[in-house]
Amino acid sequence: CLLLVCPDHSSAWADRRRALLNDDDAVMEECVLQKEMDFCNLLFTQHSKAPSSWAHRKWIGKNLVDLISESILDSTIDDHDAPNKIHQWASAEINTCSTVAEKYPKNYHAWTHRRWVCQLLFALFQEATLRTQTRDNLLLIKMVFEILENELSKTQRWMKTHVTDHSAVHYQGQMLLLLLEVGMHPASKCILSDDILCETNGTDIVASTWAWNLLSKSMEISRTSRFVSYEVTWIRRRICGLACLNYFLVNGSSNNDPKLNDFIKIEVTDLAAAYLTNGNNCPKSQIYALSYVVWIIRQMKGSKLWGNCPAKELMNLATEVVTVLACNEAIVGNAWRIMNNRV
């Protein structure tokens, strides 16, 4: 009853966990953990921003997943329904977080918990790739890939109606990076080739092509956003841009790489040309766009890609952009003015 009135009472939650641990191995029973999760769901209908209740939910979820995953990672335990159980738990947690975030906007705890769920699935993926590739392990790998792929698609749709949600855009970036890491892993070749029992020691061409297609789609969505006067739009573009630069580094792009050249043309040259004249008459979007141009040039300059870029032209462009930003009276801070004096 105390938690129904005060859901952030950390001592009460600690006593509840202690009672579960002392109840003759009750913590090892799935039904007990599920009932505890149902109790948390009841609390979240009225209290969704209590940090202690979210911490308790993580504790339940971790114990539940550890219990189920034992049968996948331990070949002596025969439970072919285990991957499906983990999928059901993850889907339920994600749906709860989505409902809470919709009902109570800017709920940092909901997005943090949602990210934790996906990171826990990624940890299971890593464990599965280190063990013998049984059918259950391969099903687990495919399940993690599909959940991350669905999460990326869901957040892309979410951002169309929540254009100022900073938590959502950072969560989307995390999902993009996790999905790329899962998809590029040799164990995921069976997913990309739509064959659950295929060999996993083949060429990386399929994975590389898939990764670039995913990045191209993400970049295109960020470029075509109509909300260019919102900071979140440009944060999203930075996340996608950095992922593209990492792709070029991993794949050893050269100065003749058409993908790298197209990236520089669209993300730096053309973007700077469009906003240096302030043709759209929107000072905020000009500041965000030109700041992005300088940022992307600095990212390239600080990496091994710089030797494959037109360095002199990019530095001249960066100097011009910094000068324009330093003269922009709408910018309150002195960072661009100080940077302009150092150029």
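Here, the structure is the one placed above.
Concerning the overall build of the protein
Okay, so step 1: A count of helical and extended segments in the protein gives 15 helices and zero strands.
Okay, so step 2: Across the 343 residues that make up the protein, the buried fraction comes to 45%.
Okay, so step 3: Long-range pairs, those at least 24 residues apart, make up 67% of the contacts in the protein between residues at least 6 apart in sequence.
Okay, so step 4: When the accessible surface of the protein is summed, it comes to about 17400 Å², and 53% of that surface belongs to carbon and sulfur atoms.

Re the state of the cysteines
Okay, so step 1: Following the criterion strictly, the structure yields zero disulfides and no others.
Okay, so step 2: Here C118 stays unpaired: no disulfide links it, and the sulfur of C97, its closest cysteine neighbor, is 9.0 Å away.
Okay, so step 3: The exposure class assigned to C118 is buried, which follows from its relative accessible area of 0%.
Okay, so step 4: Counting only cysteine sulfurs, C240 is the nearest neighbor of C244, a cysteine outside any disulfide, at a range of 7.0 Å.

Overview of the packing of helix α12 (residues 258–276) against helix α14 (residues 311–326)
Okay, so step 1: Where α12 meets α14, the closest approach of the two axes is 11 Å, and the angle between their N-to-C directions is 35°. Pair α12 / α14 crosses with left-handed handedness. For the pair α12 and α14, the contacting residues are I264, V268, T269, A272 and L276 in the first and L314, L317, E320, V321 and V324 in the second.

Analysis parameters
- Residues numbered from 1 in each chain as written.
- Predicted model: local features only at pLDDT ≥ 70, side-chain atom pairs only at ≥ 80, totals over all residues.
- Heavy atoms only, no water.
- Helix = DSSP H or I, 4+ residues; strand = E, 2+ residues; numbered from the N terminus.
- Buried < 20%, exposed > 50% of the residue type's maximum accessible area, 1.4 Å probe, protein only.
- Contact = heavy atoms within 4.5 Å.
- Areas by Shrake-Rupley, 256 points an atom, 1.4 Å probe, with all protein chains shown as cover.
- Disulfide = S-S within 2.5 Å.
- Axes fitted to C-alpha atoms, helices over the stretch in contact; angles between N-to-C directions.
- Left-handed = near helix turned anticlockwise from the far one by under 90°.

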